[in-house]
Amino acid sequence: MHILRKTTIATLAFSMMFFVSCEDSGSSDPATSGTLNLTINISNPEAWPSEGTVFVSLDKTWPPSGAPYKSVVVESSQVQGGTISLMFDEIDFDSYKLASISWRDPNDANPQTNQYVWGTHSGNMFAPTGQFIFYADATEFTFSQDLDTLSLVIDATVNTGS
């Protein structure tokens, strides 16, 4: 009986040490991606088109040289009080040229002319001199381990070219 008690006490002691040593100390792995929070202020939500697709996109290059890095379709029902709130997560640590909202005209099959940009996070369509620059002056933003969450605002006006 004396040996059984010593064995039981020893087993309990070793079990407690094992469980204490296996305690989760949290993740020490560094982040590898970021989160972008977008607030899109629509100045004229009542003009939202009944046809076509509205995209919110994130581009690594601008002017674009292919599909956007990330893109999501938004609907008029997402506009609350003139505002759409979106979150893009798992964004690669990298630099990005433009966050934008645009409408694709369903009656224009030409990809060179069927997109209407409603707004961007920065930049201008025209330079102060009136020269067409199409948001080439937009401020680039970067995600990294030091900056893995960013909030941007896009001021947009519904435009269907009519």
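Residues numbered from 1 in each chain as written. Predicted model: local features only at pLDDT ≥ 70, side-chain atom pairs only at ≥ 80, totals over all residues. Heavy atoms only, no water.

S.K.: I would appreciate a short explanation of the sheet that holds strand 7 (residues 115–120) in the present structure.
M.R.: Hydrogen bonds between backbone groups are what pair the strands of a sheet, and the pairing can be parallel or antiparallel. Spatially, the four strands line up as an open sheet ordered 3-2-6-7, and their pairing is antiparallel. The sheet is open, and its two borders are formed by strand 3 (70–74) and strand 7, each paired with just one other strand. The mean inter-strand angle of the sheet, taken between neighbouring strand axes irrespective of direction, is 25°. Across five bridges, strand 6 (residues 98–104) lies against strand 7 in antiparallel orientation. Among the inter-strand pairings, S102 is bridged to a residue of strand 7, identified as V117. (Pairing = 2+ DSSP bridges. Helix = DSSP H or I, 4+ residues; strand = E, 2+ residues; numbered from the N terminus. Axes fitted to C-alpha atoms, helices over the stretch in contact; angles between N-to-C directions.)

S.K.: I keep staring at the layout of surface pockets and nothing clicks. Help me out?
M.R.: Here the largest pocket defines a volume of roughly 650 Å³. Put simply, the parts of the chain that give the lining of the largest pocket at least two residues each are strand 2 (53–59), strand 6 and strand 7. (1 Å grid on protein atoms, 1.4 Å probe; cavity = no way out; pocket = protein on both sides within 12 Å on 5 of 7 lines; lining within 4 Å. Points joined across faces, edges and corners; volume = space filled by probe spheres on them.)

S.K.: Honestly, the environment of E90 in this entry has me stumped. Any pointers?
M.R.: Structurally, E90 can be placed in strand 4 (residues 83–92). The spacing of E90 and A31 is 59 residues in sequence and 9.8 Å in space, taken between C-alpha atoms. What E90 contacts, discounting residues up to four positions off in sequence, is S33, G34, Y69 and K70. (Contact = heavy atoms within 4.5 Å.)

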